[in-house]
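# Coordinates in review
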Amino acid sequence: MGVCAPHGFVATGVSAGLKSSGGRDVALVVNDGPLQACAAVFTSNRIVAAPVVWSREVARAGTAHAVVLNSGGANACTGAQGFRDAQLTAETIASLLGVSATDVLVCSTGLIGEPLPMHKLLPGVTAASRLLGSEGGADAAAAIMTTDTVAKQTFVSGVGYTIGGMAKGAGMLAPGLATMLVVLTTDAALGHVELDTALREATRVTFDRTDSDGCMSTNDTVVLLASGAATTTPNVAEFTRGLTEVCADLASQLIRDAEGAAHNIAITTRNAASEHDAEVVGRAVARSSLFKTAIFGNDPNWGRILSAVGTTDAAFDPGAINVTINGVQICRNSGIGESRSSVDLGARDVAVEIDLQAGAESATIWTNDLTHDYVQENSAYSS
């Protein structure tokens, strides 16, 4: 059910002709309240799309009635006209819903450096406003897909409230604060401050650690809306746990649908001196093309892992690192461990554990292998 699983939300997804395929390409999610609280996090790329500039200001106020999203065009690097187009999109929805434009978040995804065809987008936005419904979550999730092969939705139930969400993304997954486009909803009665606290913690340990290809988008946005329709005010820590579960599920779906991927890889760094060190080490391995191609070739080449670990400034003894792949410790104290032939990489899921023996902290980075299909897809798709 995704974004419509919590009470107080309606959504839809329609085709406006932005995609050459004719598929759904405009999504609308509306918060019917009684609360319209929101929080959001955005890409840390210094070059940002016009919708990010607009939505940052909306989110700063802490309230939002609606999120309008389009695929088929990123509206990034489009100058002053791009910002005017984002604003006009918000104003159009606001007029149709009878709310303020400053309460409408705007998100776009697709090709960078091309103006949006507003003569198509605005009629699509208008059509979406007329088709809103409590069963429209699946259509909304489909409408934000670009190179995704499947729509991504999830929800969890808390005590007296629900958290739902949808996401899109199959490439350019190396975020800072967010990953591609994500809309999260809840019927819990929480305000902007509580939502912001929960969202930043949830994204920190999920989307921030989803690193498919080392490429960060200009449009990354994660939005959290609260309707208060359940009239339940959960403890923030409890709510954060539920929100983290939703974000982790969506992050996992993003990695599983990564462009051309043949393996999903979880890289867990254990016994680090700090959580930061554990994250840095895991990310260095996740961004190693040599490591990723080895996994694609079903080769448990632990030397490539150690080489990547050694490029970081994390605290460790270079002669005391252990590496385990799918339960087999093939590197012991930075030397030869069990036979590589004992490692089975035939399954899609791969678990890599790096033991720094330097402390008690840990972190997991999720990535995928580097395949022929990834190169083919990204050489054929202008992005």
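Structure shown above.
## Quick word on the side chain of Gln36
- Tracing the chain through its elements places Gln36 in the loop between strand E2 (26-31) and strand E3 (37-42).
- A polar contact of 3.4 Å, which involves the side chain of Gln36, links it to the backbone oxygen of Asn31.
- Excluding residues within four positions of it along the chain, Gln36 makes contact with Asn31, Gly62, Thr63, Ala64, His65 and Ala226.

## What about the pattern of salt bridges?
- All chains considered together, the criterion is met by 13 salt bridges.
- Where Glu279 meets Arg209, a salt bridge forms, and the shortest distance between an N and an O atom there is 3.7 Å. Pair noted here: Glu279 is in helix H7 (residues 275-286) and Arg209 is in the loop between helix H5 (192-204) and strand E9 (221-226), with a separation of 70 residues, a long-range link.
- Here Arg283 and Glu279 are joined by a salt bridge, their closest N and O atoms 3.0 Å apart. Of this pair, Arg283 and Glu279 both sit in helix H7, separated by four residues, roughly a single helical turn. Each member of the pair, Arg283 together with Glu279, is buried.
- Three or more residues joined by partner-sharing salt bridges are found here, namely Glu201, Arg204, Arg209, Glu275, Glu279 and Arg283.

The rules behind each value
Residues numbered from 1 in each chain as written. Predicted model: local features only at pLDDT ≥ 70, side-chain atom pairs only at ≥ 80, totals over all residues. Heavy atoms only, no water. Helix = DSSP H or I, 4+ residues; strand = E, 2+ residues; numbered from the N terminus. Polar contact = N/O pair within 3.5 Å; in protein donor to acceptor, adjacent residues only side chain to side chain. Contact = heavy atoms within 4.5 Å. Salt bridge = Lys/Arg side-chain N within 4 Å of Asp/Glu carboxyl O. Buried < 20%, exposed > 50% of the residue type's maximum accessible area, 1.4 Å probe, protein only.

Note that all results are geometric; they support no functional claim without further evidence.
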